[in-house]
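These are the residues of each chain, in order.
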Amino acid sequence: MDILQSLMLGFATSLTFSNILAALVGASLGIIVGAIPGLGSVTGIALLLPLTFQMDPITGIIMLGALYYGCMYGGSYSAILLNIPGDAPAVVTSLDGYPLSQQGRGGKALFTANISSFIGGTVGIIMLTFMGPILAHVGLMFGPAEVAALILLALCSIGWLLGDNPVKGLISTFIGVMLATIGIGTAFGQPRFTFDSMHLLNGISFIPLVIGMFGLSQVLVMMVNRVDPAAQGLSSRLGLKESLLDRQELRSILPASLRSGVLGNLVGILPGAGATTGSFLSYVLQKKVGRNGSELGKGRLEGVAASEAGNNAAAAGSFAPLLSLGIPGSGTAAVLLGGLMMWGLQPGPLLFQTNPDFVWGLISSMYLGNVMAVLAALAIIPFLVKLLLIPASIMIPVIAVVCVVGSYSVNNSMFDVWFMLGAGVVAFFMTAARYPIAPLLLAFVLTPRLETSLRQALDISRGDPMIFLRSPIAATLLTLILLFVLYPLGKKLFVAARQRRRKATAE
Amino acid sequence: MSSVNQASAGSGRPWISLLVTLGIIAMGLAWAGFGWLQYGVWMHNGPGAGFFPLVMGLGAALLGGYELLRRRWATDRVGLRNLWPAVAMGMAVATIPLFGMVLAMTLFIVLWMALIERQPWLKSVVIGACTGGVIYLLFGLWLMVAFPPGALIELFR
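The subject of this paragraph is the overall build of chain A. Along chain A, the regular secondary structure elements total 23 helices and two strands. Taking 23 Å as the expected radius of gyration for a compact globule of 507 residues, we find that chain A reaches 23 Å, a close match to that expectation. Dimensions of chain A, computed from C-alpha atoms along their principal axes, come out at roughly 75 × 65 × 55 Å. Residue burial in chain A is summarised as follows: out of 507 residues, 61% are buried. Considering only residue pairs separated by 6 or more positions, chain A has 78% of its internal contacts joining residues 24 or more positions apart.

What follows is the structure, encoded as structure tokens:
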């Protein structure tokens, strides 16, 4: 009851005309920033932060919160429409989103992304509202050993679950890990595979890699395999009416969104696990337990729903350790922490007592930001789907330019542009040889955290690997990994044995 | 990605698959070698900087070898024409120090559309100029990305 009263107090603070306007502006800007390849929520918030210092802190944080949500929505657009993920979690969205666009169902994919983002975000915010402090403490139970086991679980499931050929999926995963070892790792402080190039000291930037491997390689594919929107009758299938989901489709994405909302939120509270892990594990869960799980990756709305709901719920989850403990759960939360401190607020256990107006204003503003973001996002779908009607003769050079500008703008580096070009050509040949690219990118994102956590865990135990079995959480996760690895093998052996038995009976 | 699979699955050029797999094996062996010999696999009670490169490199090389032994060389139908955009982009990127980012990219769109796609010059110029304008306004002015100005533009300043 206390919480509900506090939340109402928060709504009383946040629901003013200026705050609603701030939320709408923040959400719209966020959608634009999120949709631009190369820019993410961290950049968006960092750019907007100086402007909000002139505002009342509550209005400022409402605008930033809405921008954060808007970015989460926008990140999926370029993934669905152009196969260029705007940020790391959108890599998972593109697995089903882009095939849907190719089937002329891009509007439905965008609608699904928005609706499931809203559902996932709402589930995440509700969990944050009622269980914020508890969730933050659950997050603290995840030390280096547990985080290492969790990321290892995600890594092990990548190769097996993506692509038609698990061996090639695993090879791609290994390549992703190898690429992630380039540069001075935080775990060791030792340069690796830099070949005396100062550009490689910080490692490979993710955005040029993803833009090259998804965006540019797509341009190379489009060069020969052109889709003529007019000949395919796409214009008649991309109206607003055709983009709306029917009752059956809504019924199919609802369980996926709710499940992923809960899982994504729980992953989001873990320090460093982030929205990518949340979105990917939600996708894995959907593939394992959802209806039509085997069809995921071929253009299913449930795949888009699982990824987007998990991603947005993780964004909400990352606020739990920030507000309750003063520990940012993600890069964006770290920038927000800086903003809060500049306003003279000290996030941590005492914030709920010392500044209840602010905390509950912020939490209520997340509901507001989520509603504004979904309204703004739904309003622009009719315009966005028209992108699919642009002929390849215009799309090829324009996407190519977006790839160049997007990869340059991350670090203002021409090296990144050349790297993107090389990555695109390599990915094109890998795809032609049927090596999936998504496992490579996901492994690349997850590896630095795995390496650091593994090193920290063994430092704590002074080299004793039993630390992974002493912790019940880590032991459970490791058991799951074993099951993941052994299940396909066991299934194969079981099927072979059954066939042998049948043959013997027939004879 | 999947468009390749859908649009042109079936026969292809087996040498692409062979070359990619051989490249993966070579990369895996190089990573494993550096990890083992140069970076240290196990140190101070835990994995050293060479642990992941060694394990993942060996894994990639072994699985790549397995793929070689399976001799399944199915590839998608691709040709040299697929690489045209990359070559043209490379040439456009090489001119950035001269023309600057915005102008070089605008010229790339105009020339690509007019010469490769055989679109009318006016249409090509309009689309190139509009894209260049949006890039300048969005990235240059709003997001304040420091684009390389280009030596030629600097001359006229």
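Within chain B, the regular secondary structure consists of eight helices and two strands. Along chain B, helices and strands appear, N-terminal first, in the series α-α-β-β-α-α-α-α-α-α. Relative to its length of 157 residues, chain B is extended, with a C-alpha radius of gyration of 23 Å against a globular reference of 15 Å. Considered along the principal axes of its C-alpha atoms, chain B spans approximately 60 × 50 × 25 Å. In chain B, buried positions account for 38% of the 157 residues. The long-range share in chain B, meaning contacts at least 24 apart out of those at least 6 apart in sequence, stands at 60%.

Residue and element names in this part refer to chain A. Assigned domains within chain A: domain 1 (2-462) and domain 2 (471-507). With centres defined by C-alpha atoms, the gap from domain 1 to domain 2 works out at 34 Å. Listed per partner, the contact involves twelve residues of domain 1 and ten residues of domain 2. In terms of residue count, helix H7 (residues 144-161) provides more of the side of domain 1 that touches domain 2 than any other element does, nine residues in total. Of the residues contributing to the side of domain 1 that touches domain 2, the split by class is ten nonpolar, one polar and one charged.

Attention now moves to the interface of chain A and chain B. Counting residues at the interface gives 58 residues for chain A, matched by 59 residues for chain B. Secondary structure elements with two or more residues in the side of chain A that touches chain B: helix H5 (90-102), helix H8 (166-180), helix H9 (206-224), helix H19 (392-411), helix H20 (414-432) and helix H21 (438-460) of chain A. Partitioning the side of chain A that touches chain B into residue classes produces 40 nonpolar, twelve polar and six charged.

Let's shift gears to the packing of H19 of chain A against helix H4 (residues 84-94) of chain B. Axis separation between H19 of chain A and H4 of chain B bottoms out at 11 Å; the angle between their running directions is 50°. With respect to each other, H19 of chain A and H4 of chain B are oriented oblique. Both H19 of chain A and H4 of chain B take part in a crossing whose hand is right-handed. Within the contact between the two elements, H19 of chain A uses Ile396, Ala400 and Val404 of chain A and H4 of chain B uses Pro85, Met89 and Val93 of chain B. For the contact of H19 of chain A with H4 of chain B, a count of residues per class yields six nonpolar, no polar and no charged.

Counting 200 residues, the largest nonpolar core has Ala373, Val404 and Leu441 of chain A together with Met105 of chain B as its most contacted members. It is helix H4 (residues 57-82) of chain A that provides the largest number of residues to this core, a total of 17 residues. Once residues within four sequence positions are removed from consideration, Leu441 of chain A is found in contact with Val91, Gly176, Leu209, Val210 and Met213 of chain A.

Residues and elements named next belong to chain A. Packing of H9 against H19 leaves a shortest axis separation of 10 Å and a crossing angle of 165°. Between H9 and H19, the interaxial angle falls into the category roughly antiparallel. You can see that H9 and H19 cross each other, and the crossing is left-handed. Of the residues in H19, those in contact with Ile207, Pro208, Ile211, Gly215, Leu216, Val219, Met222 and Met223 of H9 are Ala392, Met395, Ile396, Ile399, Ala400, Cys403, Gly406, Ser407 and Val410. A class-by-class count of the residues in the contact of H9 with H19 yields 14 nonpolar, three polar and no charged.

Glancing now at the confidence of the model for chain B. Residues and elements named next belong to chain B. Per-residue confidence for chain B averages 85 on the pLDDT scale, and 92% of its residues sit at or above 70. The weakest mean pLDDT in chain B belongs to helix H1 (residues 2-8) at 39; the strongest belongs to helix H6 (residues 101-116) at 94. With a pTM of 0.78, the predicted complex shows an ipTM of 0.89.

Of note in the backbone geometry, Phe193 of chain A takes a positive phi value of approximately 50° without being a glycine. In this fold, Phe193 of chain A is placed in the loop between strand E2 (191-192) and H9.

What follows deals with the domain arrangement of chain B. Each assigned domain of chain B is listed here: domain 1 (2-70) and domain 2 (80-155). Computed from C-alpha atoms alone, the centre-to-centre distance between domain 1 of chain B and domain 2 of chain B is 36 Å.

Residue and element names in this part refer to chain A. Here H9 spans 28 Å end to end across 19 residues, near enough to the 27 Å set by a 1.5 Å rise per residue. Maximum bend of H9: about 35°, positioned at Gly212. Buried residues dominate H9, accounting for 16 of its 19 residues.

What follows concerns the confidence of the model for chain A. A residue-level look at chain A finds 92% of positions with pLDDT of 70 or above and a mean pLDDT of 82. When pLDDT is averaged over each helix and strand of chain A, the minimum, 58, is found for helix H10 (residues 234-237) of chain A and the maximum, 93, for H20 of chain A.

So, on to the environment of Leu336 of chain A. Residues and elements named next belong to chain A. Here Leu336 is to be found in helix H16 (residues 331-342). Look at Leu336 and you get buried, because 26 C-beta atoms sit within 10 Å. Taking the C-alpha atoms as reference, Leu336 lies 9.0 Å from Val42; in sequence the two are 294 residues apart.

The terminal C-alpha atoms of helix H2 (residues 14-39) of chain B lie 36 Å apart, and with 26 residues this matches the ideal 38 Å at 1.5 Å per residue to within 8%. Here H2 of chain B has its buried residues at Ser17, Val20, Thr21, Ile24, Ile25, Gly28, Trp31, Ala32, Gly35 and Tyr39 of chain B. The elements touched by buried residues of H2 of chain B are H8, E2 and H20 of chain A together with helix H3 (51-70) of chain B. Where H2 of chain B ends, the next residue or the one after it, Gly40 of chain B, has phi of about 90°, a positive value.

The rules we used
- Numbering of residues starts from 1 in each chain and follows the order in which that chain's sequence is written.
- For this description, chains carry letters from A and ligands carry numbers from 1, given in the order in which they are written.
- This being a predicted model, a pLDDT of at least 70 is required before a residue's local features are given, and a value of 80 or more before pairs of side-chain atoms are given or counted; all residues contribute to the totals for chains, interfaces and linings.
- Helix numbering and strand numbering both begin at the N terminus, where a helix is a DSSP run of H or I of at least 4 residues and a strand a DSSP run of E of at least 2.
- The globule rule used here is 2.2 Å times the number of residues to the 0.38 power, and the radius of gyration it is set against is calculated over C-alpha atoms.
- Here a residue counts as buried when 20 or more other C-beta atoms fall within 10 Å of its C-beta, as exposed when 12 or fewer do, and as partly exposed in between; the C-beta atoms come from the backbone.
- A residue pair is marked as a contact if its C-beta atoms, positioned from the backbone, fall within 7 Å.
- Domains are outlined according to an automatic or database domain assignment.
- The nonpolar class holds Ala, Val, Leu, Ile, Met, Phe, Trp, Tyr, Cys and Pro. Asp, Glu, Lys and Arg form the charged class, and all remaining residues, Gly among them, are polar.
- The axes are straight lines fitted to the C-alpha atoms, using for helices just the contacting stretch, and the angles between their N-to-C directions are given from 0 to 180°.
- We call two directions roughly parallel when the angle between them is under 35 degrees, roughly antiparallel when it is over 145, roughly perpendicular when it lies between 65 and 115, and oblique otherwise.
- The crossing is said to be left-handed when, going from far helix to near helix, the turn is anticlockwise and less than a right angle, and right-handed when the turn is clockwise.
- When buried Ala, Val, Leu, Ile, Met, Phe, Trp, Tyr and Cys residues are joined through C-beta atoms within 7 Å, the set is termed a nonpolar core.
- For every residue, the predictor assigns a confidence score, pLDDT, that lies between 0 and 100.
- Expected helix span is given by 1.5 Å per residue-to-residue step, counting one fewer step than there are residues.
- Working definition for bend: take the seven residues up to and ending at a residue and the seven starting at it, fit an axis to each, and measure the angle between the axes.

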